[in-house]
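# Chains, contacts and geometry: an overview
Residue strings, one per chain:
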Amino acid sequence: MGALTPFAAESAAPLDQLNLKILKLENRLQRERVARLKAEEIAEKGLRDLYERQQQLALLETIATAANQSGSIDDTMRFALGAICQHTGWGFGNVYLPSATIPDYLTPAGVWHAADPGLLAAFISLTLKTGFAIGDGLPGRVYQSAKPAWIADLTLDRNFPRAEVAVLSGCRAAFAFPVLVGNDVLGVLEFFHHSTVRPDNQFLGVLAQIGTQLGRVVERRRAEQKLMHDATHDPLTGLPNRLLFSDRLERAVATHLRRPDIGFAVIFIDLDRFKLVNDSLGHSAGDVLLQEIAQRFSQALIKSGHKLAAGEAVTLARLGGDEFTILLEDIERSSVAVDVAQSLQASLHNPLFIDGQELYSSASIGVVSSEAGYTSAADIMRDADLAMYRAKGEGRARVEIFDESLHVDAKRRLTLENELRNALKKNEFVLHYQPIIALGSREMTGFEALVRWKKSDGQIIPPSDFIPLAEETGLIVFIGSWVLEQSLKTLARWQQDFPRAKPLTMSVNVSPRQFHQTDFVEQVINAVTASGAPPHTLRLEITESVTIQNAQQAIEILRRLRQFGVRVSIDDFGTGYSSLSYLHQLPFDTLKIDRAFVSALQSRSDGGQIVQTILDLAKNLSLDVIAEGTESEEHVNILHQMGCGYAQGYFFSLPLDETAANEMLSANVAAVKALPLLD
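Computed from a predicted model, the values in this text were never measured in an experiment.

Okay, the pattern of salt bridges next. As a working rule, side chains carrying opposite charge can pair if their charged atoms are close by. Counting across every chain of the model gives 26 salt bridges. Linking Arg382 and Asp383 is a salt bridge whose minimum nitrogen-to-oxygen distance equals 2.9 Å. For the salt bridge of Lys592 with Glu448, the shortest nitrogen-to-oxygen distance reads 3.1 Å. With Lys592 in strand β20 (residues 590-593) and Glu448 in strand β15 (residues 443-454), the pair connects residues that are 144 residues apart, well separated along the chain. For Lys592, a relative accessible area of 0% gives the class buried. The structure contains a network of salt bridges with shared partners spanning Glu448, Glu541, Lys592 and Glu628.

Attention now moves to the sheet that holds strand β3 (residues 132-133). In space, the six strands of this open sheet follow the order β3-β2-β1-β6-β5-β4, with antiparallel pairing throughout. Strand pairing shows two members of the sheet lacking a second neighbour, β3 and β4 (149-151), which therefore form its edges. Relative to strand β6 (residues 184-193), strand β5 (residues 173-181) runs antiparallel, the two sharing nine bridges. Its bridge partner being in β6, Phe175 is matched across the sheet by Phe191. Each of β4, β5 and β6 is contacted by helix α6 (residues 201-232), which is oriented at about 40 degrees to β5, the strand it contacts most.

On to helix α11 (residues 377-393). When the terminal C-alpha atoms of α11 are compared, their 24 Å separation across 17 residues agrees well with the 24 Å that a helix rising 1.5 Å per residue should span. Looking at α11, one finds that the buried residues are Ala377, Ile380, Met381, Asp383, Ala384, Leu386, Ala387, Met388, Ala391 and Lys392. Just downstream of α11 lies Gly395, where phi reads positive at about 120 degrees.

Bringing the sheet that holds strand β8 (residues 313-320) into the picture now. Here five strands make up an open sheet; going across it, the order is β8-β9-β7-β12-β13 and the pairing mixed. Strands at the two margins of the open sheet, each flanked by one partner only, are β8 and β13 (399-401). With direction set aside, neighbouring strand axes in the sheet form an average angle of 20 degrees. Pairing of β8 with strand β9 (residues 323-331) involves seven bridges; the strand directions are antiparallel. Bridge pairing links Ala317 to Thr325 in β9. Relative to β8, helix α9 (residues 283-303) is tilted by about 165 degrees, and along the sheet it contacts β7 (263-271), β8 and β9.

What counts and how
- Throughout this description, residue numbers start from 1 for each chain and increase along the sequence as written.
- Confidence filtering applies because this is a predicted model: local features only for residues at pLDDT of at least 70, side-chain atom pairs given and counted only at 80 or more, and all residues used for totals across whole chains, interfaces and linings.
- Remark: hydrogens and water are excluded; side-chain values derive from all non-hydrogen atoms of the structure.
- Whenever Lys or Arg places a side-chain nitrogen within 4 Å of a carboxyl oxygen from Asp or Glu, that contact is recorded as a salt bridge.
- Each helix corresponds to a stretch of at least 4 residues labelled H or I by DSSP, and each strand to a stretch of at least 2 residues labelled E; elements are numbered beginning at the N terminus.
- Accessible area is worked out with a 1.4 Å probe on protein chains only. A residue is then buried under 20% of its type maximum, exposed over 50%, and partly exposed in between.
- A pair of strands is treated as paired once DSSP finds two or more bridges between them.
- Contact definition: two residues touch when any of their heavy atoms are within 4.5 Å.
- Comment: axis = line fitted to C-alpha atoms, over the contacting stretch for helices; angle = value between 0 and 180 degrees taken between N-to-C directions.
- Expected span of a helix: the number of residues minus one, times 1.5 Å.

Okay, here's the thing in structure tokens:
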């Protein structure tokens, strides 16, 4: 081809320039296209991120709202698991909680969620029975750091003990986050995915917020649960209290009314002589004793489980003080309750050790069952209480089943109590006097004042019927004060009418309640002063148990009485709690041998040994001795030969009214013979 002509050369130059411009335009367009695509990509990613962020915030809000409305911690956790799995598409979520018994250890809560449980069955089973020490496995690491953690590939993680079963079950990735209150981890939630998944730090941040929100809810629920628990449980023993027991009993009654075949029973328990522990060892020892007994009762109920049919429910509660109750629900027969009551008694046979001291306890137990046709919880508790009091009245440490006769007794006691309250106003109390005889000379040295209740209709109420009732109601304080004043007035008159070298004495019984009145000493001093009788002619008779209740207080009271000149006798010596360990500290003057020991002089071979022991003790302590219940010449002779100084009983005289006692004093006989029994 030949060379271009000048014209051709000139025409080619503009063409090249045009191609160059086109190329530049194409490059420019390409750059603009790339820039636009990148901008669109950035915008799209921003929108995706914004959407994902909005979804994550929506997840956080949903969980927070549901958690605040949830009725329990388990429900809160279960909802959170489901919501997170649904949002992320992850297939399995599980909850761990700190162990209540092992420090720094997580245990499965039994709360989990799985989209396809069958596919993950092996891994779920392993997870629900695997615990983790702090730092071990995914849950342990989160527990230790208190921060979320992510495992992109389980097969590459060296601190994941469940990896083999997880992979075989189709799990490859995992993340977990803590439930937090401040820096305290209250739980750990973990999740699993079927594929490897790169960590999402933004999502982990949201999970941390969810963990904090759940922590607040858990803390609030626990506070509410504690308030509810405290309101329905006894703070000392941790047992249900009266409120919770009454609620369960009312439900049991309602259930029985709907379905009479579903029976129930109530066991009412009152510890015997618990007040003695409080008074002698202090209230802290009493509290420990109650806690120990509550434990024994709980263990006894567990051990007696073989006596309870399947499905039966048991509630052990402390009503207050030393009173416990048990509700047995869904029982087939009332004999089950009796079996349980007997097992409770057996649980107290072994001693308890409180503050280094060995103590024995027993209980009086009353039993009622739905077989009696109850329609109210109040009636059941009333009758269970009556049955318990029957057990206490029959000698304690026994079980009594309620029967209708207890209703009759209760009504009679209520009537008697009302009449007793008016007896003092109506002057229905009278005094009888039993002579006290010096065995050596057979001379009458004094009397014991004995109160009798003679109603306006002429009916005589035995002391055994009204004295315990008076003690229980506190009326004994007023009756005792009246007896003291009246007997001292009579004594002063007799001392004036029948003067002797050694003036007549008057023995007056003092009840525990009366003795522990804050102004008891002043009452005695005022009564003696008002009567004009010499203080040393009054003998106050108290029982051993009175001194045991508060030894230091008793010593102080007796010391003040001794300073005034009044003499004091221990009544029924040897039948109560032994006070030998500190008897020498108490300013007593006289021991009274109980009639049971005197009767045993003839009927039991060891009777004489017991009486002789008491006499020897009294001699060593320089105390006088009066034997009660001497009913025969043989009694008198044996006692005299053993060295007993004084006696009283039917052999010498029955209790006499004031007129008959006057006649005996007027007769001035040395040998006193029995007189007919007077009202």
